[in-house]
Amino acid sequence: MRLTRFTDLALRVLMRLAVAEEDLPTTRDVAATMEVPYTHTAKVVAKLQHLGLIEARRGRGGGLTLTPAGRAASVGGVVRELEGAGDVVDCDGTVACPLRSACILRGALRRAQEAFFASLDPLTVNDLVAAPTGPLLLGISGGSTGAGRP
Ligand code: SF4
């Protein structure tokens, strides 16, 4: 299974914010650290705010921060939410597959997709920034760390 670029970028944003403590990064900072376009990052940030996983603090020293729910969020839950419930194969595409009403493979692929999500369920966003990832993120973005906090 292949994640969409949107989901991958959302996980990168969450990881970046998971290592920020006092130096709240802006959307532009996160985009620069992750070497992705600002416009893509802004869309991801808006979605993560909508889901209550991150919030923006205004004013001096303001920026993006992970909410407690965001830090404790299950990676499997985030991926499910962002990827949606669609099948991994488009059986009803422009020309519908003639096997779709009685296809064993279709059911097997659905189970495999769920197993993929389930394997990510035990991991939290905070788990993703344990060493060596957290220190590497700090090295490329600068600032103090909240990595590994309960
Ligand atoms: S073979 Fe099965 S899984 Fe593949 S497109 Fe056809 S119905 Fe879907």
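None of these values were measured; they are calculated from a predicted model.

Conventions we followed
Residues numbered from 1 in each chain as written. Predicted model: local features only at pLDDT ≥ 70, side-chain atom pairs only at ≥ 80, totals over all residues. Near = placed C-beta within 6 Å. Nonpolar A, V, L, I, M, F, W, Y, C, P; charged D, E, K, R; others polar. pLDDT = per-residue confidence, 0-100. Contact = placed C-beta atoms within 7 Å. Buried ≥ 20, exposed ≤ 12 C-beta atoms within 10 Å, placed from the backbone. Helix = DSSP H or I, 4+ residues; strand = E, 2+ residues; numbered from the N terminus. Arc of directions from axis to C-beta. Core = buried A, V, L, I, M, F, W, Y, C linked by C-beta atoms within 7 Å. Pairing = 2+ DSSP bridges. Axes fitted to C-alpha atoms, helices over the stretch in contact; angles between N-to-C directions. Parallel < 35°, antiparallel > 145°, perpendicular 65-115°, else oblique. Left-handed = near helix turned anticlockwise from the far one by under 90°.

**A few points about the site of the ligand**
- In the vicinity of the ligand, the contacting residues are V89, C91, C97, L99, R100, C103, L105, R106 and L109.
- Taken together, the residues of the shell around the ligand break down into seven nonpolar, no polar and two charged.

**Section: the confidence of the model for the protein chain**
- Per-residue confidence for the protein chain averages 90 on the pLDDT scale, and 94% of its residues sit at or above 70.
- Counted against residues more than four places away or in other chains, residues 144-150, with its pLDDT under 50, gives 19 contacts.

**Description of helix α2 (residues 27-34)**
- Every buried residue belonging to α2 is among V30, A31 and M34, and all of these are buried. Seen end-on, α2 carries its buried residues on one side only, within an arc spanning 100 degrees.
- In this structure, the buried side of α2 is in contact with α1 (5-18), α3 (38-50) and β2 (63-66).
- Immediately beyond the C-terminal end of α2, within one or two residues, lies E35, with a positive phi of roughly 55 degrees.

**Focus on the nonpolar core**
- Residues A10, V13, L14, L17, A18, L48 and I54 are the most contacted members of the largest nonpolar core, which totals 25 residues.
- Looking at this core, the elements with two or more residues in it are α1, α2, α3, β2 and α5 (75-83).
- The element that contributes the greatest number of residues to this core is α1, accounting for seven residues.
- In contact with L48, not counting residues within four places along its chain, are A10, V13, L14, L53 and I54.

**Considerations on the pairing of β2**
- Note: strand β1 (residues 54-57) against β2, four bridges, orientation antiparallel. Its bridge partner lying in β2, I54 is registered against L66.
- Adjacent in sequence and paired antiparallel, β1 and β2 are bridged by five residues, among which G59 carries a positive phi angle near 90 degrees.

**Digging into the packing of α5 against helix α6 (residues 104-120)**
- Two numbers describe how α5 lies on α6: the axes approach to 6 Å, and their chain directions differ by 140 degrees. Relative to α6, the element α5 is oriented oblique. Seen from above, α5 lies across α6 with right-handed handedness. Counting all contacts with α5, which are made through V75, G76, V79 and R80, the residues of α6 involved are F117, A118 and L120.
- Grouping the constituent residues of the contact of α5 with α6 by class yields five nonpolar, one polar and one charged.

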